[in-house]
Amino acid sequence: MVGCRCPVCSSDDPRDKRSRASIVVESCGNYILVDTSTDLRRQMIRERIPHIDAVLFTHPHADHVHGIDDLRGFHFIHKRVIPCYGEKETMDVISGNFSYIFKGLASAGYAPLMEPHLISGPFKLFGLEIVPVPLVHGTIPSTGYRFGDFAYLTDLNAIPETSMALLGGVEVLLIDALRYTPHPSHLNIEGALRVVQRLRPKRAIFTHLTHEVPYADGIRLPPGVEFAYDGLVIEPAWE
Ligand SMILES: [Zn+2]
Ligand SMILES: [Zn+2]
Ligand SMILES: [Zn+2]
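Now for a description of the structure that goes with this document. (Residues numbered from 1 in each chain as written. Chains lettered and ligands numbered in written order. Predicted model: local features only at pLDDT ≥ 70, side-chain atom pairs only at ≥ 80, totals over all residues. Heavy atoms only, no water.)

Details of the pattern of salt bridges
Applied cut-off: Any Lys or Arg side-chain nitrogen found within 4 Å of a carboxyl oxygen on Asp or Glu counts as a salt bridge. The classification of residues rests on relative accessible area computed with a 1.4 Å probe and restricted to protein chains. Under 20% of the type maximum is buried, over 50% is exposed, and intermediate values are partly exposed.
Counting across every chain of the model gives 12 salt bridges. One salt bridge connects Arg15 with Asp13, and the closest N-O pair in it is separated by 3.1 Å. Measuring nitrogen to oxygen at the nearest pair gives 3.6 Å for the salt bridge that ties Asp16 to Arg18. Judged by its relative accessible area of 11%, Asp16 falls in the buried class. On the basis of relative accessible area, Arg18 is assigned to the partly exposed category, the value being 23%. A cluster of three or more residues bridged by salt bridges with shared partners is formed by Arg46, Glu47 and Asp230.

Written out as structure tokens, the structure reads:
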């Protein structure tokens with residue numbers, strides 16, 4: 001947190017050095033990025049991601065979108081327009097705020113960088129079935145994504161029953177668990193544990209953590225539950 005000197009912000013543990021919430025899903029050499037976080041450039045360089053073949057958006061909040069311009073670096077290499085996917089409410093805000101990304105901007109010499117696709121149900125990318133999972137994030141909708149036995153649910157404070165039905169049998173669950181204290185638009189750790197109790201995944205990983213939560217506290221989590229950290233690699237069961 002800028003300007004903060006709390007024990008987590010000044011911790012020597014590299015797992016307490018957190019960039020914004022985002023994941024890359026690799027499927028047969030294709031890289032699907034979920035969200036274009038404010039830290040996208042540093043994350044892509046750090047993890048040596050060679051190209052991005054598609055982007056899925058969860059919701060239009062700045063921390064999940066405002067690194068979008070740095071995708072242009074990949075465009076310089078592969079010269080392809082990158083397809084991106086999201087629900088209508090999310091894509092409307094992003095294409096309104098970043099019209100030059102989708103339409104290009106001749107006066108600046110910018111070619112279109114991304115091509116939007118609206119989703120409203122399961123779809124396939126590179127042979128991988130992707131199930132959007134509608135979530136509640138305070139006053140706006142957010143979209144979780146299920147890939148086989150793995151689900152990534154970020155930025156939510158509630159899961160509608162119809163979405164719970166889409167999550168049956170998930171074995172690895174990566175889920176928002178912001179902090180200990182309650183928040184109006186995020187699950188706190190207690191709320192995320194309630195979801196884990198209900199879905200009973202083999203492995204649950206808590207993400208989008210704030211500086212209220214030292215990584216070392218993970219030792220107090222129940223068996224099968226752990227904290228995420230930057231650079232965490234999850235080997236999926238479907239390969
Ligand atoms: Zn702090
Ligand atoms: Zn967020
Ligand atoms: Zn958010």
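Concerning the coordination of the zinc ion (ligand 3)
Between any two of four tetrahedral donors, the ideal angle at the metal is 109.5 degrees; between two of six octahedral donors, it is 90 or 180 degrees. Keep this limit in mind: Atoms of type N, O and S within 2.8 Å of a metal are treated as its donors, and for Na, K and Ca the window is 3.2 Å; water is not considered, so some sites may appear to be missing partners. Think of it this way: with four donors and all angles in the 85 to 135 degree range, the site is tetrahedral; with four or six donors, opposite ones beyond 155 degrees and the rest between 65 and 115, it is square planar or octahedral; otherwise it is irregular.
Donor atoms from the polypeptide that bind the zinc ion (ligand 3) are His59 (NE2), His61 (ND1), His137 (NE2) and Asp155 (OD), placed at 2.1 to 2.3 Å. Around the zinc ion (ligand 3) sit 4 donor atoms, and with donor-metal-donor angles ranging over 89 to 174° the site reads as irregular. In primary sequence terms, the donor set of the zinc ion (ligand 3) follows H-x1-H-x75-H-x17-D. Taking the relative accessible area as the measure of exposure, His137 reaches 2% and is therefore buried.

Overview of the sheet that holds strand E2 (residues 30-34)
The test is simple: Strand pairing is assigned whenever DSSP identifies at least 2 bridges connecting the two strands. Here a helix means four or more residues in a row that DSSP labels H or I, a strand means two or more in a row labelled E, and each is numbered from the N terminus. Convention adopted: a line fitted to C-alpha atoms gives each axis, helices being fitted over their contacting stretch, and angles between N-to-C directions are expressed from 0 to 180 degrees.
Taken together, 5 strands build an open sheet; the order of strands is E1-E2-E3-E4-E5 and the sheet is mixed. Each edge of the open sheet is held by one strand with a lone partner, namely strand E1 (23-27) and strand E5 (114-118). Looking at each pair of strands side by side, their axes are set apart by 25° on average, direction ignored. Where strand E4 (residues 82-86) lies against E5, 5 bridges are found, and the strand directions are parallel. The residue bridging Ile82 from the neighbouring strand is Met114, located in E5.

Structural notes on the coordination of the zinc ion (ligand 2)
The coordination sphere of the zinc ion (ligand 2) contains the protein donors Asp63 (OD), His64 (NE2), Asp155 (OD) and His208 (NE2), at a distance range of 2.1 to 2.4 Å. With 4 donor atoms in place around the zinc ion (ligand 2) and angles of 92 to 154° between them, the coordination shape is irregular. Each donor residue of the zinc ion (ligand 2) belongs to the same chain, and together they define the spacing D-H-x90-D-x52-H. Between the two metal centres, the zinc ion (ligand 2) and the zinc ion (ligand 3), the spacing is 3.5 Å, with Asp155 acting as a shared donor. Within this pair, whereas Asp63 is found in helix H2 (residues 62-65), its partner Asp155 is found in the loop between strand E9 (150-153) and helix H6 (161-164), the two being separated by 92 residues in sequence. The class of Asp155 is buried, set by a relative accessible area of 1%.

Points about the packing of aromatic side chains
Our working rule: Any two rings among Phe, Tyr and Trp, with Trp reduced to its six-membered ring, count as a pair given centres within 6.5 Å; such a pair is stacked if its planes are under 30 degrees apart, edge-to-face if over 60, and tilted if neither. Our definition puts a charge over a ring when NZ of Lys or CZ of Arg is within 6 Å of the ring centre and also within 35 degrees of the ring normal.
Inspection of the entire model under this criterion finds 5 aromatic pairs. Here a set of aromatic residues connected by ring pairs shows up, and it is made of Phe98, Tyr100 and Tyr110. Across from the ring centre of Tyr110, 4.2 Å away, lies the NZ or CZ of Arg72, which sits over that ring.

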